[in-house]
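Close look at the chain arrangement
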Amino acid sequence: MKKISVAIDGHSSCGKSTLAKQIAKHFNYIYLDTGAMYRAVTLFAINQNVINKDDFDKDALIEKLPEINIEFKADENGKVNTYLNNQNVEEAIRTMRVSSFVSPIATVKEVREKMVELQQKMGSKGGVVMDGRDIGTVVLPKAELKVFMTAKDEIRAQRRFDELKEKGIDDTFENVLQNLKERDYIDSTREESPLLKAEDALVLDNSELSRDEQLEILKSWVEERGKL
Ligand code: DC
């Protein structure tokens, strides 16, 4: 079977990265979490005080962009972690503070240009699964398989809420739901490469699907495209 490129886009917290990781493992493909890269830029902005209480200095961030180096490295157990300037930030980029600033940061054209260039370099050889918001439309427009994932708002918020609770992060369901809706709104309406279903993407609404059912559907799609 031919090694293909798989582009997975969709709304926040609908399980894109879990599914993308599983499918990459199954086919022995490289998995790239592009959201982690925007999160790392956001953490950098927080650490550099480019972000104030509820706003950020866009020009200062653009000026500091050359100082940002993002890499993915696997640990001894094969778990891939995100590194920002040689520091493992895998945990630090998943906090609510980062989540609440990442969408505005991801609207900045210069940030997107830098991330897309890196992503295209990392995915240039095929045999790759990338998840994000603009993969099928901008990063890998020639991907053999494009998937647009979604699920009902309340279901996504409940999954995210349970995930945070499990990690010991205390927040209300209402806050989680609001953050998710805000991110979807900003991601879908921004000027620079908004979240859009690529014309040739297959839709996977997983509101009523188990993880195993989703995986089986996606496996069959990858196999089908790999034969073409
Ligand atoms: O997938 P995630 O929730 O970790 O992504 C975090 C944010 O990054 C999301 O709100 C939008 C942005 N993002 C983006 O603009 N383009 C991508 N390819 C991936 C993520």
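Residues numbered from 1 in each chain as written. Predicted model: local features only at pLDDT ≥ 70, side-chain atom pairs only at ≥ 80, totals over all residues. Heavy atoms only, no water.

1. Section: the environment of Val80
Positionally, Val80 belongs in strand 4 (residues 80–84). Other than its neighbours up to four places away in sequence, Val80 contacts Phe72, Lys73, Ala74 and Glu90. (Helix = DSSP H or I, 4+ residues; strand = E, 2+ residues; numbered from the N terminus. Contact = heavy atoms within 4.5 Å.)

2. With respect to helix 2 (residues 34–47)
When the terminal C-alpha atoms of helix 2 are compared, their 20 Å separation across 14 residues agrees well with the 20 Å that a helix rising 1.5 Å per residue should span. Summarising burial for helix 2: 12 of the 14 residues are buried, a large majority. Of the positions making up helix 2, those classed as buried are Thr34, Ala36, Met37, Tyr38, Arg39, Ala40, Val41, Thr42, Leu43, Phe44, Ala45 and Ile46. N-cap assignment for helix 2: the residue whose side-chain oxygen lies 3.2 Å from the backbone N of Gly35 is Asp33. (Expected span 1.5 Å × (residues − 1). Buried < 20%, exposed > 50% of the residue type's maximum accessible area, 1.4 Å probe, protein only. Polar contact = N/O pair within 3.5 Å; in protein donor to acceptor, adjacent residues only side chain to side chain.)

3. Some details on unusual backbone geometry
The phi torsion at Ser13 lies on the positive side, around 55°, for a residue other than glycine. With respect to the helices, strands and loops of the structure, Ser13 is situated in the loop between strand 1 (5–10) and helix 1 (16–27).

4. Some words on the environment of Leu195
Along the chain, the position of Leu195 falls in the loop between helix 8 (173–189) and strand 8 (202–205). Along the sequence, Leu195 and Arg225 sit 30 residues apart, while their C-alpha atoms lie 23 Å from each other. Look past the residues within four positions of Leu195 in its chain and what remains in contact with it is Asp9, Gly10, His11, Arg133, Phe148, Asp187, Ser188 and Arg190.

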